[in-house]
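Below are the chains, spelled out letter by letter.
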Amino acid sequence: MSSVQYVKTAEDNGCVISCLAMITGQSFQDVLVGMEQYWKNEGQHEGTDDIAWLHYLSARGYAIQDIDHEYVPEDRLIIPWPIKPFAPIHMMFVYADGPHAVIMDKDGNIFDPNDSLMKHSSQYHRIYRIVGIWKVRDNLEFLS
């Protein structure tokens, strides 16, 4: 049984916010409020960039390992892909009806903030990035 608590997205383009909520065990609204300090334009979370959500996780004691399908610097494809789960929790970036973020737990179960019926990585047209996430310390209060 997975320890991930499913969080459905509460608005359009809110998949990254929902994923952060599932990772940290917070509500969608709590993450939305917490992310405000990381956005250049208040309330502009559409297409939330890596810098914002990586800083958000870092300030809350998380470390990541980021793996792209097109491995840099040679731009060659990693085979076999997608790779098996390698962390307690993962954020996966997929193409569904456009770029989208979902959660994968340590057992390979999928938690899609837009569609609770999506349960396996094979249901997506393309997975182009997998980010392994570990809780490594308590919150850094001065950053959060």
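The structure presented is a predicted model; accordingly, all values stated were derived computationally and were not measured. (Residues numbered from 1 in each chain as written. Predicted model: local features only at pLDDT ≥ 70, side-chain atom pairs only at ≥ 80, totals over all residues. Heavy atoms only, no water.)

Trainee: Tell me about the packing of aromatic side chains, residues and numbers included.
Mentor: With the rule as written, the count across this model stands at 4 aromatic pairs. Look at Phe86 and Trp134: their rings are 6.1 Å apart centre to centre, the planes differ by 50°, and that puts the pair in the tilted class. Placement of Phe86 in the loop between β3 (76-77) and β4 (89-95) and of Trp134 in strand β7 (residues 126-135) is noted, with a sequence separation of 48 residues between them. For Phe86, a relative accessible area of 27% corresponds to the partly exposed category. According to the relative accessible area criterion, Trp134 is partly exposed, its value standing at 28%. Taken together, Trp53, Phe93, Tyr95 and Tyr128 form an aromatic cluster joined through their ring pairs. (Phe/Tyr/Trp six-rings, centres within 6.5 Å; stacked < 30°, edge-to-face > 60°. Helix = DSSP H or I, 4+ residues; strand = E, 2+ residues; numbered from the N terminus. Buried < 20%, exposed > 50% of the residue type's maximum accessible area, 1.4 Å probe, protein only.)

Trainee: Run through the environment of Ala87, naming residues and quoting values.
Mentor: Positionally, Ala87 belongs in the loop between β3 and β4. When the C-alpha atoms of Ala87 and Gln65 are compared, they prove to be 8.7 Å apart, with 22 residues separating the residues in sequence. Those residues in contact with Ala87 that lie beyond four places of it in its chain are Lys106, Gly132, Ile133 and Trp134. (Contact = heavy atoms within 4.5 Å.)

Trainee: Tell me what's going on with the side chain of Ser121, and back it up with residues and numbers.
Mentor: Mapping Ser121 onto the fold places it in the loop between β6 (110-111) and β7. Accessibility expressed as a relative area gives 14% for Ser121, which makes it buried.

Trainee: Please provide a residue-by-residue account of helix α2 (residues 28-35), values included.
Mentor: Turning to α2, its buried residues are Phe28, Val31, Leu32, Gly34 and Met35. One side of α2 carries all its buried residues, which in axial view fall inside an arc of 165°. Its buried side turned inward, α2 meets α1 (15-24) and α3 (50-59). (Arc of directions from axis to C-beta.)

Trainee: Describe the sheet that holds β7, listing the residues and the values that go with them.
Mentor: Here we have 5 strands laid out as an open sheet, ordered β1-β7-β4-β5-β6, and antiparallel in their pairing. Two strands lie at the open edges of the sheet, namely β1 (62-68) and β6, each paired on one side alone. One ladder, built from 7 bridges, connects β4 with β7; its direction is antiparallel. The residue bridging Phe93 from the neighbouring strand is Arg129, located in β7. Together, β1, β4, β5 (99-105), β6 and β7 form the strand contacts of α1, whose direction differs from that of β5 by roughly 15°. (Pairing = 2+ DSSP bridges. Axes fitted to C-alpha atoms, helices over the stretch in contact; angles between N-to-C directions.)

Trainee: An account of the nonpolar core is needed here, citing residue identities and associated values.
Mentor: Ranked by size, the top nonpolar core spans 31 residues in total, and within it Leu20, Ile23, Met35, Trp53, Met91, Ile103 and Ile133 carry the most contacts. Examining the composition of this core, we find that 8 residues originate from one element, α1, more than from any other. Residue contacts for Met91: discarding those within four places in its chain leaves Cys19, Leu20, Ile23, Trp53, Ala101, Val102, Ile103, Arg129, Ile130, Val131 and Ile133. Listed in part, the 11 residues of the second largest apolar core include Trp81, Val94, Tyr124 and Ile130. (Core = buried A, V, L, I, M, F, W, Y, C linked by side-chain atoms within 4.5 Å.)

By themselves, these are just geometric observations and shouldn't be taken as functional.
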